[in-house]
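# Residue-level structural notes
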Amino acid sequence: MATTFQVTFDAADPQALGEFWCAALGYVRDAPPAGFPSWEDALTAWGVPRALWNSKNAVSDPDCVGPRIFIQQVPEPKAGKNRVHLDLNVSAGRTGDNRLATLRAEADRLTGLGARRVDERSELGDVWIVMQDPEGNEFCLQ
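All chains use their own residue numbering, which begins from 1 and follows the written sequence. The predicted nature of this model means local features are confined to residues of pLDDT at least 70 and side-chain atom pairs, given and counted, to a pLDDT of 80 or more, with totals for whole chains, interfaces and linings taken over all residues. Hydrogens and water molecules were not included; the side-chain quantities draw on all heavy atoms of the structure.

### Quick word on the overall build of the protein
Under the DSSP-based scheme used, a helix requires at least four consecutive residues in state H or I and a strand at least two consecutive residues in state E, with every element numbered from the N terminus. From N to C terminus, the protein includes three helices and eight strands. In sequence order, the protein lays out its α and β elements as β-α-β-α-β-β-β-α-β-β-β. Across its three principal directions, the C-alpha atoms of the protein cover 55 × 35 × 35 Å. The proportion of buried residues among the 142 residues of the protein is 34%. In this description, contact between two residues means that some pair of their heavy atoms is separated by no more than 4.5 Å. Taking contacts inside the protein between residues at least 6 apart in sequence as the whole, the part at least 24 apart equals 57%. Residue burial is assigned from relative accessible area. The probe radius is 1.4 Å, only protein chains are included, and a residue is buried under 20% of its type maximum, exposed over 50%, and partly exposed in between.

Quick look at the structure:
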């Protein structure tokens, strides 16, 4: 039996972090439940206080290939290094200077979306770029 999974992020602002990951990965926000034209309509109908509307968010691969990302609001800020992180393979099939240029261009694009470039690393002929999303979660470009 195949097991499906989602990746869960803790966040201060689930909507903003979801928008970043949609732009970074080409994902889309999960559609509202059937019968509701928007999440706001659903939350209003369910009596959810407006103060809680940004407590959760979920984004998914429109092609249903990549895992769903669920983002939940937490009161405490991020502290310390992530023990698990995403690796975004943006340079598949590229080598040498072409690969490095692709990594750097993607790092620049993501920085424009609110990410932060942390480091460029090389080990045993492999190069990758360490980044942080707008809430400080580490991820790598490879």
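Next comes the rest of the description.
### Looking at the nonpolar core
One broad trend across soluble globular proteins is that nonpolar side chains are buried collectively. Among the buried residues, those of types Ala, Val, Leu, Ile, Met, Phe, Trp, Tyr and Cys that are joined through side-chain atoms within 4.5 Å form a nonpolar core. Core analysis: the largest hydrophobic core is formed by 22 residues, its most contacted members being Phe20, Trp21, Ile69, Leu110, Met131, Phe139 and Leu141. Contributions of two or more residues to this core are made by strand S1 (6-11), helix H1 (14-25), strand S4 (68-73), helix H3 (96-112), strand S7 (126-132) and strand S8 (138-141). Here this core takes five residues from H1, the largest share from any one element. The residues contacting phenylalanine 139, other than those within four sequence positions of it, are Phe20, Trp21, His85, Leu86, Leu88, Leu110, Ala115, Ile129, Val130, Met131, Gln132 and Asp133.

### Examining the sheet that holds S7
Any two strands with at least two DSSP bridges between them are considered paired. Pairing in this open sheet of four strands is mixed, and the strands run S5-S8-S7-S6 from one edge to the other. Whereas interior strands pair on both sides, the edge strands pair on one side only; in this sheet they are strand S5 (86-88) and strand S6 (116-123). Across the sheet, the mean angle separating the axes of adjacent strands is 25 degrees when strand polarity is ignored. Sheet topology note: the S6/S7 ladder contains seven bridges and is antiparallel. Across the sheet, residue arginine 116 finds its bridge partner in S7, namely glutamine 132. Angular values range over 0 to 180 degrees, each being the angle between N-to-C directions of two axes fitted as lines to C-alpha atoms, with helices fitted over their stretch in contact. Sheet contacts for H3: S5, S6, S7 and S8; angle to S7, the most-contacted strand, approximately 5 degrees.

### Here we look at the environment of glutamate 19
Along the chain, the position of glutamate 19 falls in helix H1. Residue class for glutamate 19 comes out partly exposed when judged on its relative accessible area of 49%. As a C-alpha pair, glutamate 19 and threonine 95 span 76 residues in sequence and 31 Å in three-dimensional space.

### Some details on H3
Each helix should span, by expectation, one fewer than its residue count multiplied by 1.5 Å. Between the first and last C-alpha of H3 there are 25 Å, a value that for 17 residues agrees with the 24 Å anticipated at 1.5 Å per step. Where H3 is concerned, the buried positions are Arg99, Leu100, Thr102, Leu103, Glu106, Ala107 and Leu110. Down the axis of H3, the smallest arc covering the buried residues is 160 degrees, so these residues share one side. Opposite its buried face, H3 presents the exposed residues Asp97, Asp108 and Gly112, each directed more than 90 degrees away. Our arc is simply the arc of the directions from the helix axis toward the C-beta atoms.

Note that all results are geometric; they support no functional claim without further evidence.
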